[in-house]
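Chain residues, written in single-letter form:
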Amino acid sequence: DRDKGCRRQRQRWIRDRIERGQPKLVLLVGRLAVRSVLHTDQPIGRLRGTAHRVQNTLAVVTYPPEQLIRHPQDKAKAWEDLCLAMSAVEQEVTR
């Protein structure tokens with residue numbers, strides 16, 4: 001199936017970039033990023049609020065910009081996600 005092949009290729013590309021760059025944190029913005037990195041179909045609302053681990057790198061999930069445009073009330077949640085990302089990185093650095 002062509003879609004599955006594209007998804008696998010995208011997942012390999014992202015994993016490769018994480019391994020090469022060794023970022024302290026990856027901000028997963030939107031469903032496509034979440035699926036590609038966390039390999040789950042769970043809704044963003046269930047995954048946000050927690051720092052996940054991917055290949056020894058922290059990952060924080062948040063809503064994509066189009067979600068925030070359609071649902072401005074979610075902007076506060078996105079801000080919380082950014083604050084979580086900053087806090088997680090700070091804690092990682094002080095380890």
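What counts and how
- Residues numbered from 1 in each chain as written.
- Predicted model: local features only at pLDDT ≥ 70, side-chain atom pairs only at ≥ 80, totals over all residues.
- Heavy atoms only, no water.
- Axes fitted to C-alpha atoms, helices over the stretch in contact; angles between N-to-C directions.
- Helix = DSSP H or I, 4+ residues; strand = E, 2+ residues; numbered from the N terminus.
- Parallel < 35°, antiparallel > 145°, perpendicular 65-115°, else oblique.
- Contact = heavy atoms within 4.5 Å.
- Nonpolar A, V, L, I, M, F, W, Y, C, P; charged D, E, K, R; others polar.
- Buried < 20%, exposed > 50% of the residue type's maximum accessible area, 1.4 Å probe, protein only.
- Pairing = 2+ DSSP bridges.
- Polar contact = N/O pair within 3.5 Å; in protein donor to acceptor, adjacent residues only side chain to side chain.
- Core = buried A, V, L, I, M, F, W, Y, C linked by side-chain atoms within 4.5 Å.

A. Geometry of the packing of helix α1 (residues 2–21) against helix α2 (residues 31–38). Where α1 contacts α2, the two axes come as close as 9 Å, and the packing angle between them is 75°. By the angle between their axes, α1 is roughly perpendicular relative to α2. Here Arg7, Arg10, Gln11, Ile14 and Ile18 of α1 lie close against α2, whose contacting residues are Leu32, Arg35, Ser36 and Val37. When its residues are assigned to classes, the contact of α1 with α2 shows four nonpolar, two polar and three charged.

B. Focus on the pairing of strand β3 (residues 57–62). Counting buried residues along β3, six of its six residues qualify, which places the element largely inside the surrounding structure. Judged by which residues are buried, β3 turns out to be covered on both faces: Thr57, Ala59 and Val61 on one side and Leu58, Val60 and Thr62 on the other are all buried. One ladder, built from five bridges, connects strand β1 (residues 25–29) with β3; its direction is parallel. Paired with Leu28 across the strands is Val61, a residue of β3. Bridge count for strand β2 (residues 51–54) against β3 is four bridges, and the pairing is antiparallel.

C. Up close: the sheet that holds β3. Judged by pairing direction, the sheet is mixed, and its three strands sit side by side in the order β1-β3-β2 without closing on themselves. The outermost strands of the open sheet, each flanked by one partner alone, are β1 and β2. On average, each strand axis in the sheet is tilted by 35° relative to the strand beside it, whichever way the strands run. Helix α5 (residues 75–93) rests against β1, β2 and β3 of the sheet, and its axis sits at about 170° to β3.

D. Region of interest: the side chain of Asp74. Note on placement: Asp74 falls in the loop between α4 (65–70) and α5. There is a polar contact of 2.7 Å between the side chain of Asp74 and the side chain of Gln67.

E. Just the nonpolar core, in detail. Residues Ile18, Leu28, Val34, Val37, Leu38, Val54 and Val61 are the most contacted members of the largest nonpolar core, which totals 15 residues. Going through the elements one at a time, α1, β1, α2, α3 (44–47) and β3 are the ones with two or more residues in this core. Ignoring any residue separated from it by four or fewer positions in sequence, one finds Leu28 in contact with Ala33, Val34, Val37, Leu38, Ala59, Val60, Val61 and Thr62.

Shape is all these values report; function is a separate question.
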